[in-house]
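As a plain string of letters, each chain reads:
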Amino acid sequence: MARKNRKKNEQGFLFPVPLALTLLAVALLALFHICLKARADALGREIKALEARRVVLRDQLKKEEGEWSLLRSPARVEAALREHGLVMAWPRRDQIVRIICAPASGRARRLEPSQPLQYAQVQKVVMND
């Protein structure tokens, strides 16, 4: 009988292939989970910062609306007219045009065909009346 060659290794792999593939799959899933969690945390921080900015902008809007309503008050308008030397009077009732924008839904009041919308009644160019 012939002797076995000691240099020839016929045992196969030192580490089982299915176990290696399983460990690789688990490692890839863990890495994917870590990346997904990091992205979710980053989005959470971004949302929190945007919500804080929204609160600041809402407060700023309220402040600006208050200032704008003060500037539009009749006393302020008359003071600005006097300051700039403009002679103007408030419009008469027949010069005021009210435009009503009806919603597009079917529940809105429909205008009759005999009642066309009037957008303006000005027949001439008005210059400092």
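It should be emphasised that the depicted structure is a prediction, and the values quoted were computed from it without experimental measurement. (Residues numbered from 1 in each chain as written. Predicted model: local features only at pLDDT ≥ 70, side-chain atom pairs only at ≥ 80, totals over all residues. Heavy atoms only, no water.)

**Comments concerning the pattern of salt bridges**
If the charged atoms of two oppositely charged side chains come close together, the side chains can form a pair. On inspection of all chains with the given rule, the structure shows two salt bridges. Between Asp41 and Lys37 there is a salt bridge; the shortest N-O distance is 4.0 Å. Within this pair, Asp41 and its partner Lys37 are both found in helix H1 (residues 17-71), separated by four residues, close to a single helical turn. Of the charged contacts in the structure, one is a salt bridge between Asp94 and Arg92, with a shortest N-O distance of 3.3 Å. (Salt bridge = Lys/Arg side-chain N within 4 Å of Asp/Glu carboxyl O. Helix = DSSP H or I, 4+ residues; strand = E, 2+ residues; numbered from the N terminus.)

**Points about the environment of Leu71**
Topologically, Leu71 is positioned in helix H1. Not counting the four nearest positions on each side in its chain, Leu71 is found in contact with Arg76 and Val77. (Contact = heavy atoms within 4.5 Å.)

**A short note on the environment of Ala89**
Of note, Ala89 is situated in the segment after helix H2 (74-83). In this structure the C-alpha to C-alpha distance between Ala89 and Glu78, which are eleven residues apart in sequence, comes to 9.2 Å.

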